[in-house]
Number of protein chains: 2
Amino acid sequence: MPETSPIRPTDDEARALARELISKARFGALGVLEPQTDMPMVSRISVSTTAQGIPLSLISDLSHHTQALKADARCSLLVGEPGSKGDPLTHPRITLQCEARFITRTDDTFATLRARYLSSHPKAQLYIDFADFNFVELRPGVAHLNGGFGKAFTLTPSDLGLAMD
Amino acid sequence: MPETSPIRPTDDEARALARELISKARFGALGVLEPQTDMPMVSRISVSTTAQGIPLSLISDLSHHTQALKADARCSLLVGEPGSKGDPLTHPRITLQCEARFITRTDDTFATLRARYLSSHPKAQLYIDFADFNFVELRPGVAHLNGGFGKAFTLTPSDLGLAMD
């Protein structure tokens, strides 16, 4: 970043906004590395959270992003959707730098996640039991919060209320 | 992709949907490579188009994504925003694999782009003349269109109506 870095010191208001953006997200934009080219590739995924508050998605083996995450678990998740009015750049959003961890249908925790996920995404009932769908936790490292112009913060998992093991 | 690849043969309906998603986009999710780590990083940017239909954004030198694009021009743009109702995964969207090309304030075409951009993003009047803001064309290569479940297509710049030089 240039010397005129606009990053502000993290405060409780920033932490609260970041947690709200994550807990309220229903979908987001996932960035992965395309296996053959190592180019970034962005696609839309559903977003929920685990009981611990870790972002969670339900993704299909048939998707480009699933194949990419299996080759390289490093990814990025953008959540915080603007409404249809006003300047979208003034709406708060957060970028999480993440590591993907798959929870497959044979894992002990799958049933618990299934029930939790359906409570936030009831329409997923239509495909949640398809064999090619599995859960993936998107475990955050550093996070970049943008609360609108001049309101940029760099947050840690601890700021997000997450104790990553 | 697995042998059961869900990619359909490209048809005129897919081409028309792709062009509509790009021409109507007001913002999108940009994926870049973080310079120090080569991790993907996704952030929100404004989106307009050039007169030729190439996606265009106005970005600040103070942003992570601008610094990243100056180090590596390869990027990805997701456009096609769902509304607030229904399953976001059934809403059409398109992922463009792009190369970024900056148009700075001293370029001959800046004034033309400035006028065009303000017609689609009038609120940018507040910051478009700040010295740290420049335009960037996101020049598409391959594109991945997802028109909803079971409606995946792989498109070329020609399918998008773009003749890339």
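Keep in mind it's a predicted model, so treat the numbers as computed, not measured.

Definitions and limits used
Residues numbered from 1 in each chain as written. Chains lettered and ligands numbered in written order. Predicted model: local features only at pLDDT ≥ 70, side-chain atom pairs only at ≥ 80, totals over all residues. Heavy atoms only, no water. Helix = DSSP H or I, 4+ residues; strand = E, 2+ residues; numbered from the N terminus. Rg over C-alpha atoms; globule rule 2.2 N^0.38 Å. Buried < 20%, exposed > 50% of the residue type's maximum accessible area, 1.4 Å probe, protein only. Contact = heavy atoms within 4.5 Å. Areas by Shrake-Rupley, 256 points an atom, 1.4 Å probe, with all protein chains shown as cover. Lys, Arg positive; Asp, Glu negative; His and termini not counted. Charge placed at Lys NZ, Arg CZ, Asp CG, Glu CD. Buried area = accessible area lost by both parts, 1.4 Å probe. Salt bridge = Lys/Arg side-chain N within 4 Å of Asp/Glu carboxyl O. Polar contact = N/O pair within 3.5 Å; in protein donor to acceptor, adjacent residues only side chain to side chain. 1 Å grid on protein atoms, 1.4 Å probe; cavity = no way out; pocket = protein on both sides within 12 Å on 5 of 7 lines; lining within 4 Å. Points joined across faces, edges and corners; volume = space filled by probe spheres on them. Nonpolar A, V, L, I, M, F, W, Y, C, P; charged D, E, K, R; others polar. Least-squares fit on C-alpha atoms with pLDDT ≥ 70 in both. Disulfide = S-S within 2.5 Å. Phe/Tyr/Trp six-rings, centres within 6.5 Å; stacked < 30°, edge-to-face > 60°. Lys NZ or Arg CZ within 6 Å of the ring centre and 35° of its normal. Expected span 1.5 Å × (residues − 1). Arc of directions from axis to C-beta. pLDDT = per-residue confidence, 0-100.

What follows covers the overall build of chain A. Along its length, chain A carries three helices and nine strands. Of the regular secondary structure in chain A, the N- to C-terminal order runs β-α-β-β-β-β-α-β-β-α-β-β. For 165 residues, the compact-globule estimate of 2.2 N^0.38 gives 15 Å, and chain A sits close to it at 16 Å. With the C-alpha coordinates aligned to their principal axes, the bounding extent of chain A is approximately 50 × 35 × 35 Å. The 165 residues of chain A split such that 50% are buried. Residue pairs in contact within chain A that sit at least 24 positions apart in sequence constitute 65% of those at least 6 positions apart. If you sum the accessible surface of chain A, you get close to 7500 Å²; carbon and sulfur atoms cover 53% of it. Between the averaged position of the 17 positive side-chain charges in chain A and that of its 19 negative side-chain charges there is a distance of 7 Å.

What follows is about the interface of chain A and chain B. By a widespread convention, an interface's size corresponds to the accessible area lost as its parts come together. If you look at the interface, chain A gives 51 residues, while chain B gives 51 residues. Summed over both partners, the interface of chain A with chain B buries about 4200 Å², with 63% contributed by carbon and sulfur atoms. One salt bridge connects B:Glu81 with A:Arg44, and the closest N-O pair in it is separated by 3.4 Å. Inspection of the region where chain A meets chain B yields 14 residue pairs in polar contact (both at pLDDT 80 or more). Contributing elements (two or more residues each) for the side of chain A that touches chain B: β2 (27-33), β3 (40-46), α2 (64-71), β6 (74-79), β7 (93-103) and β8 (133-146) of chain A. Considering every element that reaches the side of chain A that touches chain B, the biggest residue donor is β3(A), with seven residues.

A few words now on empty space enclosed by the protein. As enumerated under the stated definition, the model contains one cavity of 30 Å³ or more in all. Elements that contribute at least two residues to the lining of the largest cavity include exactly β2 of chain A together with β2 (27-33) of chain B. Looking at the lining of the largest cavity, its residues break down into six nonpolar, two polar and four charged.

Here the focus is the pattern of salt bridges. Between side chains of opposite charge, a pair can form as their charged atoms come close. Within the structure shown, the criterion is met by 18 salt bridges over all chains. Note that A:Asp61 and A:Lys70 form a salt bridge whose closest N and O atoms lie 2.9 Å from each other.

These two copies of the chain differ by a rotation about an axis and a displacement along the same axis. Between the two copies, chain A and chain B, the superposition gives an RMSD of 0.0 Å; the rotation angle is 180° and the shift along the axis is 0.0 Å. Expressed as an axis order, the relation between the two copies is that of a two-fold axis. Of the interface residues in chain A, 100% have counterparts in chain B that sit at the interface too, so the contact is made through matching surfaces.

Simply put, the disulfide is a covalent bond whose two ends are the sulfur atoms of two cysteines. Enumeration according to the criterion identifies zero disulfides over all chains in this entry. Distance from the sulfur of B:Cys75, which forms no disulfide, to the nearest cysteine sulfur (B:Cys98) is 5.0 Å.

Here the focus is the side chain of B:His144. Checked against the element boundaries, B:His144 lands in strand β8 (residues 133-146). Classification of B:His144 by relative accessible area gives buried; the value is 13%. A distance of 3.4 Å separates a polar atom in the side chain of B:His144 from a polar atom in the side chain of A:His64. When near neighbours in sequence (up to four residues on either side) are disregarded, B:His144 contacts A:Glu34, A:Met41, A:His64, B:Arg93, B:Ile94, B:Thr95, B:Phe153 and B:Thr154.

In this description, a pair of aromatic rings is defined by centroid distance and the angle of the planes. Applying the stated criterion to the full structure yields eight aromatic pairs over all chains. An aromatic cluster is present here, built from A:Phe110, A:Tyr117 and A:Phe135 joined pairwise through their rings. Its guanidinium or amino end placed over the ring of B:Phe102, B:Lys70 lies 5.6 Å from that ring's centre, counting from NZ or CZ.

Right, let's talk about helix α1 (residues 12-24) of chain B for a bit. Given 3.6 residues to a turn, an α-helix orients residues that are three or four positions apart in the same direction. All names here are of chain B. An ideal rise of 1.5 Å per residue puts 18 Å on 13 residues; α1 measures up with 18 Å between its terminal C-alpha atoms. Along α1, the positions that sit buried rather than exposed are Ala14, Ala18, Leu21 and Ile22. Buried residues in α1, looked at end-on, bunch into an arc of 95°, giving them a common side. Opposite the buried face of α1, by more than 90 degrees, sit the exposed residues Asp12, Glu13, Ser23 and Lys24. On its buried face, α1 is in contact with β4 (48-49), β5 (55-60), β6 (74-79), β7 (93-103), β8 and β9 (152-155).

Across chain A, the average pLDDT comes to 92, with 95% of residues at 70 or higher. Scored by ipTM, the complex comes to 0.94, with pTM at 0.95.

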